[in-house]
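Below, each chain spelled out in residue letters.
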Amino acid sequence: MIRKLIPVILALLAFLGGAAAGDMLKGGGTEEAAHGEAADAGHGGAEAETAQDGHGAPAESDAAHAAPAKDAAPSSSSDGHGKAESDHGAGGHGGAAADPDAAAWFKFPQQFFIPVLHGGQLDSTMVLSLSVEMPGAATEKVYAHEIKLRDALLRQLLIQANTGAFDGNFTSEPQLRQMRTALVGAAQEVVPEITDILVGDIARQER
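Everything numeric in this text was worked out from a predicted model, so none of it was measured.

Cut-offs and rules
- Residues numbered from 1 in each chain as written.
- Predicted model: local features only at pLDDT ≥ 70, side-chain atom pairs only at ≥ 80, totals over all residues.
- Heavy atoms only, no water.
- Helix = DSSP H or I, 4+ residues; strand = E, 2+ residues; numbered from the N terminus.
- Buried < 20%, exposed > 50% of the residue type's maximum accessible area, 1.4 Å probe, protein only.
- Contact = heavy atoms within 4.5 Å.
- Areas by Shrake-Rupley, 256 points an atom, 1.4 Å probe, with all protein chains shown as cover.
- Pairing = 2+ DSSP bridges.
- Expected span 1.5 Å × (residues − 1).
- Salt bridge = Lys/Arg side-chain N within 4 Å of Asp/Glu carboxyl O.
- Phe/Tyr/Trp six-rings, centres within 6.5 Å; stacked < 30°, edge-to-face > 60°.

Our focus in this paragraph is the overall build of the protein. If you tally the helices and strands in the protein, you get 5 helices and 4 strands. Counting from the amino terminus, the protein carries its helices and strands in the arrangement α-α-β-β-β-α-α-α-β. Of all 207 residues assigned to the protein, the portion counted as buried reaches 20%. Relative to all contacts within the protein whose residues are 6 or more apart in sequence, the contacts with residues 24 or more apart total 69%. Here the protein displays about 14,200 Å² of accessible surface, and carbon together with sulfur accounts for 59% of that area.

Looking now at the pairing of strand E3 (residues 121-135). Burial analysis of E3 places 11 of its 15 residues in the buried class, the great majority of the element. Examined bridge by bridge, strand E1 (residues 103-107) and E3 share 5 bridges and lie antiparallel to one another. Bridging from a neighbouring strand, Ala104 pairs with Met134 of E3. What sits between the antiparallel neighbours strand E2 (residues 112-118) and E3 is a turn of 2 residues, in which Gly119 has the positive phi angle 65°. Taken together, the 10 bridges between E3 and strand E4 (residues 196-206) define a ladder with antiparallel strand orientation. Paired with Met126 across the bridge in E4 is Arg204.

For helix H5 (residues 173-188), with 16 residues, the first-to-last C-alpha span of 22 Å sits near the 22 Å given by 1.5 Å per residue. Restricting attention to buried positions, one finds in H5 the residues Met179, Ala182, Leu183, Val184, Ala186 and Ala187. Buried positions along H5 lie against E3, helix H4 (146-162) and E4.

On to the pattern of salt bridges. Applying the stated criterion across every chain yields a total of 5 salt bridges. For Arg155, the salt bridge is made with Asp151, and the minimal N-O distance between the two is 3.1 Å. Remark: Asp151 and Arg155 occur in helix H4; sequence separation between them is 4 residues, near one turn of the helix. We classify Asp151 as partly exposed; its relative accessible area is 40%.

Along the chain, Gln160 turns up in helix H4. Once you skip the residues sitting within four places of it in the chain, Gln160 turns out to touch Ala165, Phe166, Gln178, Met179 and Ala182.

Moving on, we get to H4. Along its 17 residues, H4 runs 24 Å from first to last C-alpha, staying within 8% of the 24 Å computed at 1.5 Å per residue. Among the residues of H4, Leu149, Ala152, Leu153, Gln156, Leu157, Gln160 and Ala161 are the ones counted as buried. A positive phi of about 85° marks Gly164, the residue just after H4.

Take the packing of aromatic side chains next. If you walk through the whole model with that rule in mind, you get 3 aromatic pairs. The interplanar angle of 75° and the centroid separation of 5.2 Å between the aromatic rings of Phe106 and Phe108 together place this pair among those described as edge-to-face. For the residue pair Phe106 and Phe108, the accessibility class agrees, reading buried in each case. A centroid spacing of 5.5 Å and a plane angle of 80° characterise the contact between Phe108 and Phe112, whose relative ring orientation is edge-to-face. The class of Phe108 is buried, set by a relative accessible area of 4%. Accessibility expressed as a relative area gives 1% for Phe112, which makes it buried. In this structure an aromatic cluster arises from ring pairing among Phe106, Phe108, Phe112 and Tyr143.

Spelled out as structure tokens, the structure:
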């Protein structure tokens, strides 16, 4: 009877021993896997720290170097190009003032129409375009007295017409010089700074 049970007991012991050995191997593998995962995690953390220390620090260093360059750019612009523009504005077109003694001109926008009478009858009409020459400092004064200047010049032209200035060859130099001298005198009674009267156009329209 015992001999019959011995093979069964041995098989049972072998089964139990195999199961125990399997559990031990499984537990060891789990511990090794856990240990490997922990090691990988530690290695990854170390690499992360290395990457942070390796690449992070230079990035901060680059930022530290880049910041002064950025701050220095406006300073360079204001000290260099900006100053050059300021100097150009002050000493170039903006700062240069007009010479008050330089000659300036004012042209009357409308022509002068002077009737020429003979025997109380209209014979012809003189048409003239006149301009005034004066120093630049007197420009505003001439513009302000435009109406009075036109009236003074028109009266003088009527005098010239009634005294024969437009009879015959009215374009001859002596006649033109005499007329311009009379016109300058009339204009200077209104604005003494006027230096000359320029005749742009002169023509006679026959009746």
